[in-house]
Amino acid sequence: MQFGLSDEQEMIVSTVRSFVEKEIYPFEAEVERSGEVPPGLGEEIRRKVIDLGFYACNFPEEVGGAGLGHLDFTLVERELGRGSMALTHFFGRPQNILMACEGAQRERYLLPAVRGERMDALAMTEPEAGSDVRGMKCTAQRQGGDWVVNGTKHFISGADHADFFIVFIATGVDETPKGPKKRITCFLVDRGHPGFEVRPGYTSVSHRGYKNCILEFADCRLPESQVLGEVDGGFEVMNTWLYATRLTVAAFSVGRARRCFDMAVDYAAQRKQFGQAIAKFQGVSFQVADMVTEIDAADWLTLAAAWRLDEGLPANREIASAKVYATEMLARVTDTTLQIFGGMGLMDDFPIERFWRDARVERIWDGTSEIQRHIIGREIFRPLGA
């Protein structure tokens, strides 16, 4: 087994980390205060990433991407996790699901997204369909050769900057022995399309500046050419391309935890109480020891899952394990870091309170911790017929 990174991987890590420190860190406080990405800053970040050669690095070289494998891309996401999500959003990692584009869709959506000319957003969640994807009530019905869409999506991240949307919609119902089962189809929808509106979403305590939006469909007519994949084949497209989003959340959590850890260590080494650095007290040093142990464990779980994907091995359980452990680890690390900083940890003089708030959402989106545990349990017991 080889646990070390290659020279190329070390270069990827150092390049992305340097970019985040120089191009992201300086603007984080402003985004946190205003809840907005300053006009032009997002575009400037995107341009610099394109010049760096890392835009759409998760896409194959044949469509203009950098062709990074799952492990290499996970290293990229880990380093981006150190920075504000509102800003690293413009680093540009289009949804891999766009590789399902065919014919004219490639020129209209896939290739412009890879070149950084158009930004996408994924829309699946609804007010009554979160973990229960098949509970979605946004429907598309055939009418005169087109599809007429009605319904609402919410919690759609990055929708404020998206030029088009990858939307999962119910297109029928099958009667099964276990009851009605909705068929799902994936559609590509352009911003500004008649009958389609993007509205501001909710104000979140996590990741200020990285906004969520509400999508409204009112008799929105879409031609057949807007179907991504096969009609009623939304779950197949989803399972083929979207599993890795959970790995991205795990990698982000590891990167953010490393940043918190570094700050906690520096503070503990400098902060003095009772005539000595608080790092000398076991109450602090033991906490730091637990932090780095958990961070390392989450890191290895995440990288191992990515390695399995590159090797073509089953990785569903491993990805779920990485996601649930890394996100819950991040919650513990941010809380411990705040405790080490004491009262100052709650003040906005330091970003600790922001990290603490931001960490909370990681256990919810891209599959809650409960869903991840369900996946893990199912993968263990299904081969036994239980």
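You'll find the chain entered in an unreviewed UniProt entry as Acyl-CoA dehydrogenase-like protein, with Mameliella alba given as the organism. A UniProt comment under Sequence similarities (unreviewed entry) is attached to the chain, and it reads "Belongs to the acyl-CoA dehydrogenase family." Recorded in UniProt for the chain, the comment headed Cofactor (unreviewed entry) runs: "FAD".

## Some remarks on the nonpolar core
Judged by nonpolar contacts, the single largest core of 52 residues is most densely connected at Val-76, Leu-98, Ile-166 and Phe-168. Elements supplying a minimum of two residues to this core: α1 (7–34), α2 (41–52), α3 (70–80), α4 (85–88), α5 (104–115), β4 (164–176), β5 (179–190) and α6 (234–241). Among the elements that line this core, the one with the most residues is α1, at 6 residues. Counting residues domain by domain, this core receives three or more from each of domain 1 (7–115) and domain 2 (120–235). For Leu-98, the contacting residues outside a window of four places in its chain are Phe-59, Leu-110, Ala-113, Asp-120, Phe-164, Ile-166 and Leu-188. If you look at the next biggest cluster of nonpolar residues, it comprises 25 residues, including Cys-260, Val-284, Leu-338 and Ile-340.

## Describing α2
Counted at 1.5 Å a residue, the expected span for α2 with its 12 residues is 16 Å, and the 16 Å between its end C-alpha atoms agrees. All of the buried residues in α2 are Leu-41, Gly-42, Ile-45, Arg-46 and Val-49. All buried residues of α2 lie within an arc of 140° about the axis, which places them on one face of the element. Of the surrounding elements, those touching the buried residues of α2 are α1 and α4. Within two residues after α2, Gly-53 carries a phi angle of roughly 85°, on the positive side.

## Side note on the UniProt feature "domain: Acyl-CoA dehydrogenase/oxidase C-terminal" (unreviewed entry) in the chain
When the UniProt feature table is mapped onto this chain, "domain: Acyl-CoA dehydrogenase/oxidase C-terminal" (unreviewed entry) is found at residues 233–380. Between the end C-alpha atoms of residues 233–380 the distance is 27 Å, and the span holds 74% helix and 3% strand.

## Things to note about the packing of helix α8 (residues 282–310) against helix α9 (residues 316–341)
Look at α8 against α9: their axes get within 9 Å of each other, and the N-to-C directions meet at 155°. In terms of orientation, α8 and α9 fall into the roughly antiparallel class. By crossing handedness, the relation of α8 to α9 is classed as left-handed. When the residues that make up the contact of α8 with α9 are grouped by side-chain class, the tally is 16 nonpolar, 6 polar and 4 charged.

Rules and cut-offs
- Residues numbered from 1 in each chain as written.
- Predicted model: local features only at pLDDT ≥ 70, side-chain atom pairs only at ≥ 80, totals over all residues.
- Heavy atoms only, no water.
- UniProt positions renumbered as here; feature names shortened; annotations may be inferred.
- Core = buried A, V, L, I, M, F, W, Y, C linked by side-chain atoms within 4.5 Å.
- Buried < 20%, exposed > 50% of the residue type's maximum accessible area, 1.4 Å probe, protein only.
- Helix = DSSP H or I, 4+ residues; strand = E, 2+ residues; numbered from the N terminus.
- Domains from an automatic or database assignment.
- Contact = heavy atoms within 4.5 Å.
- Expected span 1.5 Å × (residues − 1).
- Arc of directions from axis to C-beta.
- Axes fitted to C-alpha atoms, helices over the stretch in contact; angles between N-to-C directions.
- Parallel < 35°, antiparallel > 145°, perpendicular 65-115°, else oblique.
- Left-handed = near helix turned anticlockwise from the far one by under 90°.
- Nonpolar A, V, L, I, M, F, W, Y, C, P; charged D, E, K, R; others polar.

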